[in-house]
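As a plain string of letters, each chain reads:
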Number of protein chains: 2
Amino acid sequence: MLVAGNGVDPAWLPDEALRALGSRRVRVRGDGALVDTVRDEVTYACAQFGGAQVNDDGVCDLLLSLDKAGDEGPDGFTLERAGGRTTVTAADPAGLLYGYFEVVRLGEAAFTDAPSRTHRPALALRMLNHWDNVAVHPVMGQVERGYAGGSIFWEDGRARGDLARVRAYARLLAACGINALSVNNVNVHEAEAHLLTDRIGEVAAITCELRAYGIRTHLSVSFAAPLVLGGLDTADPLDEGVRAWWRAAVDQVYETIPDFGGFVVKADSEGQPGPFAYGRSHADGANLLADALAPHGGTVHWRAFVYDHRQDWRDRSTDRARAAYDHFAPLDGQFRDNAVLQVKHGPMDFQVREPVSPVIGAMPRTRVAVELQVTQEYTGQQRHVCALAPMWSEVLRFRPAGDQGPEVGALADDLVAVSNVGDDPYWTGHPLAQFNLYAFGRLAWQPDAAPAPILGEWTELTFTPDRTTDPERLRAGLRDVLAGSWATYEKYTAPLGVGFMVQPGHHYGPSVDGYEYSPWGTYHFADRDGVGVDRSRATGTGYAAQYAKPWSETYETPDTCPDELLLFFHHVPYEHVPRSGKTVIQHIYDTHFEGVEEAEAARQVWTSLADLVSPARHARVTERYEEQVRCAREWRDQVNSYFLRKSGVPDQKGRHIH
Amino acid sequence: MLVAGNGVDPAWLPDEALRALGSRRVRVRGDGALVDTVRDEVTYACAQFGGAQVNDDGVCDLLLSLDKAGDEGPDGFTLERAGGRTTVTAADPAGLLYGYFEVVRLGEAAFTDAPSRTHRPALALRMLNHWDNVAVHPVMGQVERGYAGGSIFWEDGRARGDLARVRAYARLLAACGINALSVNNVNVHEAEAHLLTDRIGEVAAITCELRAYGIRTHLSVSFAAPLVLGGLDTADPLDEGVRAWWRAAVDQVYETIPDFGGFVVKADSEGQPGPFAYGRSHADGANLLADALAPHGGTVHWRAFVYDHRQDWRDRSTDRARAAYDHFAPLDGQFRDNAVLQVKHGPMDFQVREPVSPVIGAMPRTRVAVELQVTQEYTGQQRHVCALAPMWSEVLRFRPAGDQGPEVGALADDLVAVSNVGDDPYWTGHPLAQFNLYAFGRLAWQPDAAPAPILGEWTELTFTPDRTTDPERLRAGLRDVLAGSWATYEKYTAPLGVGFMVQPGHHYGPSVDGYEYSPWGTYHFADRDGVGVDRSRATGTGYAAQYAKPWSETYETPDTCPDELLLFFHHVPYEHVPRSGKTVIQHIYDTHFEGVEEAEAARQVWTSLADLVSPARHARVTERYEEQVRCAREWRDQVNSYFLRKSGVPDQKGRHIH
């Protein structure tokens, strides 16, 4: 079963994308499960387009060859074009699979002018976290922060009986380079806790489907499992009974799932249990699980998202942005080799604009995973087009130690993201949100890749069947609606690095003061004179000083701080003139008018593609654009009205603000 | 079964309150079900305290006598003290029951110096609406706007099997004069719609319990019932098929419940179906049901809570406050005699302070019910002490046509309230919230009664068992914590008639801009210069002109408008000086500091009563005071901070505002 079944969108693997190789003579050489997967792929492709899978002694146009003596390393492959034949060689069966999908991606070019080179992923682990609940949560639903229907793994309180879609999903993920996946929400509720022990069989069933495409399965577990599941009276990480319990639990898991990947843990975070209850450090907590996993080659991903979510908004000295660094930087060097500190890319929580987390550069002796959010919690919830690759690319190319230092993509050991996939026919609700998932995989493989070519790749693959009439107009149209969509979204929502001006709870749509007097540590401090958070060392919370030079100095003063982060780092008067030369208040007005205009223009471009895109997909996106434009206007009007009422400064251009 | 059972609080009918009559010789004369109820009451009381029920020829201290030739009228009774004997006479069995409870209320005084007089209720129908759902609603829960646990009627999707608590509840209601009750939410969802037809048996079971204490049962129905239940393709009130369907449905109801009270209908309101869909008026809609009910003596209560809940906040000309009058005043005279227009007491929605609805004085040819909200949706949700009798009393004594005209209590035909009762052991969550239920019943009986004596009555009854050590200190303490609690709540929440500064959705706790940019029509329009809604005729929405003189003139200008409604009717600068002589902004600061101080002082008074009140009740109230004081401080700090940030005007008294 290679395709997802009736009515499910093929995403970036429509059959048509297999035409180039499927119409040729292909030879697959090697043994093992993943080589068999490649063989099945080839068989399928050739059956569609009249090509043939040839035997070891036959003449072929494409040779996919496992060579265990090769030097491509894990997941790597070499692609060569010579003597009228294209050859993919890999030392690792997974590499052969990735090489196969590289050939798919290249299409005809694979058989004409593909440059010879060896491809190796920059990051060993490229993981998706699913925030899927097994039992529907009364507030958060089946998928926490999910905007694409129910879970593809879980239904009616248990693992789905028919996992064909999981297989098809694994295929899509392999095709963009993802090799690890956690199957349940990091907020581990009652039912989900049992996946670790008596319900591990359900996880094993899912694992079978993922394994076929080289994806290892991970599990989110509760730090309180020894209490909740084991009946112990403590979960103290230094208690010998607790350590024994975890060892036994992990042994059991590996007995059922020999290639199990490991655990993801949200501890002492937003109400989840953790080591603080026992006066232990997070290194103690993570090492407890790492020690249990180590004999089996498993890994614990320990999230650094630890902060006081019951903060008093009156207290301006406490700064949530500081929390991860304050908690974790002192622990550098104390984590086991198989304990990975999983750090959100920004210090807050996946806002449309944040600086890069200072934790990432601050833990040289710790294995670090950078966590991105593919699901668009704060970026339009898959009702808005918001292609995030440009944002992620900025993050991954940021150099925490300045121009001479390494990029985030090189500092990170793993790249992790929260998935945007559900049981929606388009996988992601918004058909164009598929691009975010694809781009994440590709950036995890090569973090310094430019976003534009990735968009091109995705467009070519996904719209292969539509590329018949006027491919150039289609390409240009898709580029127009996607390439600048993050910048557009930023314009009509949160200006200059201010975040969290969203409706509390569900986080969709504007509410400028929605989190202003809350316990969540998310404030903008707007008053009649100015707006923003002073995070300087000199007069503010000191967060800017968590960075190494030159950033600690760059961020320290409004004069040197980049405009797009101005209000993240500084509280400034509305009439303050940043480097753009435009006052802050006028910037707010202008960007909000522009953002809506851009959203309207994008909708118009999409409309103009009606004759080029399949009607169902076109209609789905059109319907979402209606909502996007409505919501963008609501953002514009609420934000502009709020700041006009507060500042009293009229729009220089005399536009009507309500 | 007279008492509510194990662990359930006796509220204002502790056995001890029956001592005076239960220790005497009592004769009950007359026949019929309600007379039997009185007889059972007397038997129970005498069994507790050694009195005796005597035969018709025996000597007695108390005679309760049904005399159908009497002139007391429905529910009325005459109480006389003569020749060492107290006599209650009634022409109506229900009157005898109310007379019995008057004797309970009087206690020893009934047998010493009770003045002879005839008691008649001012209002014929004194009704509670239960917003109880049969099936738990995913958002609103079992009881919409309920703060006292689950429903006492419904559980697990159907009528409770054990209805003993309903009987005890009916007894409490009869003891304060309530004689009608609707058993399900005015938002009629899928399951609840069926109560009208195939599930009427469940309603009948409840009816049996309520009937024993003279309470008629009403049902909330969906205007779309002919579509939803009848399979018709219209619910058009002028369609003959629809009319026939309702007649048949009502006939069936009365076959099962011969003394059924009638319907409560929320139509064309917050998404509920109604006659507008068919281009018909609300008189058409109400009369449809009235005509079906008329042959059986039933009544339809048709709610006037009709407004545009999808308003554009940018549109300042639309004013939700105007809606009920605009919709209904033109229909005066068009409603059937058994169609009652049920009008919320204020034009908005049960805020802590609103003017009296102009609809109440504007419909002389329509039977009008005034609707109060006993459940504390916007007044502290039974976590705060907020005794509402003073507010209701102000409403009921308001004279819509000025000093020479009648009071609201005289203009109203019925008084209706949303109940605050659930399956909580104290009935109302907060033990002191019982007073609101009691006071509602008493004011429905006598709308011009002063609140203070009602509080005294309730205190004496409820705390009878506690009145042993130091009754005077207990009385004074309870008066201190209750009598001014509404004023205190108003101070720390919404100043000068501004409403809706609450958290959206659940409506608990402050969010000054929570409803400011919403579609609900609930705005304060605060900007850096001023705050309030201009509802004048001259420059505003014209709402003030919906009143008769003198109120239309009084409310028209800030100079004449009462301070407590200033911001309801006018948008004024923060430095505006109302009649109090204190600027608006200083009023905001001062009331919020005072309100918290008063809440803290009340908590202290309650603490001082620890030796006088039963430990369980004392603990429950103490726990709620913790939350009240915490929340009051949150209100104070958020509101003061919001207006300081916006106005820039410092507190004259130099207190710290965050």
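Below or above, wherever it landed, is the structure these notes cover. Small disclaimer: the values here were computed from a predicted structure and weren't measured.

## A short note on the overall build of chain A
The helix and strand inventory of chain A stands at 20 helices and 20 strands. For chain A, the C-alpha radius of gyration of 25 Å lies close to 26 Å, the compact-globule estimate for 658 residues. Overall size of chain A, expressed as C-alpha extent along the three principal axes, is 80 × 65 × 50 Å. Of all 658 residues assigned to chain A, the portion counted as buried reaches 64%. Of the contacts made within chain A by residues no fewer than 6 positions apart, 73% connect residues no fewer than 24 positions apart. Carbon and sulfur atoms make up 50% of the accessible area of chain A, which amounts to about 22,300 Å² in all. Charge-centre separation for chain A: the mean point of 63 positive side chains lies 2 Å from the mean point of 89 negative side chains.

## Focus: the pattern of salt bridges
Under the counting rule described, the total for this entry stands at 102 salt bridges over all chains. Asp236(B) is the salt-bridge partner of Arg280(B), the closest N and O atoms lying 2.8 Å from each other. Residue Arg280(B) is located in the loop between strand E14 (262-265) and helix H9 (282-293), and its partner Asp236(B) is located in the loop between helix H7 (225-228) and helix H8 (240-256); the two are separated by 44 residues in the primary sequence. Judged by its relative accessible area of 26%, Arg280(B) falls in the partly exposed class. Sharing partners across several salt bridges, the network here consists of Asp312(A), Arg314(A), Glu634(B), Arg636(B) and Asp637(B).

## Considering the relation of the copies chain A and chain B
Of the two same-sequence chains, chain A is brought onto chain B (RMSD 0.0 Å, axial shift 0.1 Å) by a rotation of 180°. In symmetry terms, the pair is related by a two-fold rotation axis. Minimal C-alpha distance to the rotation axis in chain A is attained by Lys646(A), lying at 2.9 Å. Looking at the interface residues of chain A, 100% of them are also at the interface in chain B, so both copies use one shared face.

## Some words on the side chain of Asn179(A)
Residue and element names in this part refer to chain A. Among the secondary structure elements, Asn 179 is positioned in the loop between helix H4 (164-176) and strand E12 (180-182). Residue classification places Asn 179 among the buried positions, given a relative accessible area of 12%. Among all residues touching Asn 179, those that are not within four sequence positions of it are Asp 75, Tyr 98, Ala 124, Leu 125, Arg 126, Gly 214, Ile 215 and Arg 216.

## Things to note about the packing of helix H8 (residues 240-256) of chain A against helix H9 (residues 282-293) of chain A
Residue and element names in this part refer to chain A. Relative to each other, H8 and H9 sit at 45°, their axes nearing to 8 Å. For the element pair H8 / H9, the angle class is oblique. Note that H8 runs across H9; the crossing there is right-handed. Residue-level inspection shows Val 242, Arg 243, Trp 246, Arg 247, Val 250 and Tyr 254 of H8 in contact with H9, the latter providing Leu 288, Leu 289, Asp 291, Ala 292 and Leu 293. Along the lines of polarity and charge, the residues of the contact of H8 with H9 split into eight nonpolar, no polar and three charged.

## Concerning the sheet that holds strand E6 (residues 117-119) of chain B
Sheet strands line up and pair through hydrogen bonds in the backbone, either parallel or antiparallel. All names here are of chain B. What the six strands build is an open sheet, ordered E2-E1-E3-E5-E4-E6; its pairing is mixed. Of all strands in the sheet, those bounded by a partner on one side alone are strand E2 (52-53) and E6. Bridge analysis of strand E1 (residues 25-29) against E2 gives two bridges, and the strand direction is parallel. The partner of Arg 25 across the bridge, within E2, is Ala 52. Sheet contacts for helix H3 (residues 93-106): E1, strand E3 (62-66), strand E4 (77-82), strand E5 (85-90) and E6; angle to E4, the most-contacted strand, approximately 45°.

## Thoughts on the sheet that holds strand E17 (residues 367-373) of chain A
Residues and elements named next belong to chain A. Read once around its circumference, the closed barrel built from eight strands follows the order E7-E12-E13-E14-E15-E16-E17-E18, with strand pairing classed as parallel. Neighbour to neighbour, the strand axes of the sheet diverge by 25° on average, direction disregarded. Relative to E12, strand E7 (residues 125-129) runs parallel, the two sharing three bridges. Residue pairing across strands places Asn 129 opposite Ser 182, the latter belonging to E12.

## Concerning the interface of chain A and chain B
Interfaces are often sized by the accessible area lost when the parts come together. The interface of chain A with chain B comprises 21 residues on the first partner and 21 residues on the second. Buried area between chain A and chain B, summed over both chains or domains, comes out near 2,200 Å², and the portion from carbon and sulfur atoms is 46%. In this structure, the connection of chain A to chain B is made through six salt bridges. For the salt bridge of Arg314(B) with Asp637(A), the shortest nitrogen-to-oxygen distance reads 2.5 Å. At the junction of chain A with chain B, the criterion picks out 17 residue pairs in polar contact (both at pLDDT 80 or more).

## As for the packing of helix H4 (residues 164-176) of chain B against helix H6 (residues 200-211) of chain B
Residues and elements named next belong to chain B. One way to put it is that H4 packs onto H6 with a least axis distance of 8 Å and a crossing angle of 40°. Taken together, H4 and H6 sit at an angle that is classed as oblique. Crossing hand, H4 versus H6: right-handed. In this structure, H4 contributes Val 166, Arg 167 and Ala 170 to the contact, and H6 contributes Ile 206, Cys 208, Glu 209 and Leu 210.

What counts, and where the lines are drawn
Residues numbered from 1 in each chain as written. Chains lettered and ligands numbered in written order. Predicted model: local features only at pLDDT ≥ 70, side-chain atom pairs only at ≥ 80, totals over all residues. Heavy atoms only, no water. Helix = DSSP H or I, 4+ residues; strand = E, 2+ residues; numbered from the N terminus. Rg over C-alpha atoms; globule rule 2.2 N^0.38 Å. Buried < 20%, exposed > 50% of the residue type's maximum accessible area, 1.4 Å probe, protein only. Contact = heavy atoms within 4.5 Å. Areas by Shrake-Rupley, 256 points an atom, 1.4 Å probe, with all protein chains shown as cover. Lys, Arg positive; Asp, Glu negative; His and termini not counted. Charge placed at Lys NZ, Arg CZ, Asp CG, Glu CD. Salt bridge = Lys/Arg side-chain N within 4 Å of Asp/Glu carboxyl O. Least-squares fit on C-alpha atoms with pLDDT ≥ 70 in both. Axes fitted to C-alpha atoms, helices over the stretch in contact; angles between N-to-C directions. Parallel < 35°, antiparallel > 145°, perpendicular 65-115°, else oblique. Left-handed = near helix turned anticlockwise from the far one by under 90°. Nonpolar A, V, L, I, M, F, W, Y, C, P; charged D, E, K, R; others polar. Pairing = 2+ DSSP bridges. Buried area = accessible area lost by both parts, 1.4 Å probe. Polar contact = N/O pair within 3.5 Å; in protein donor to acceptor, adjacent residues only side chain to side chain.

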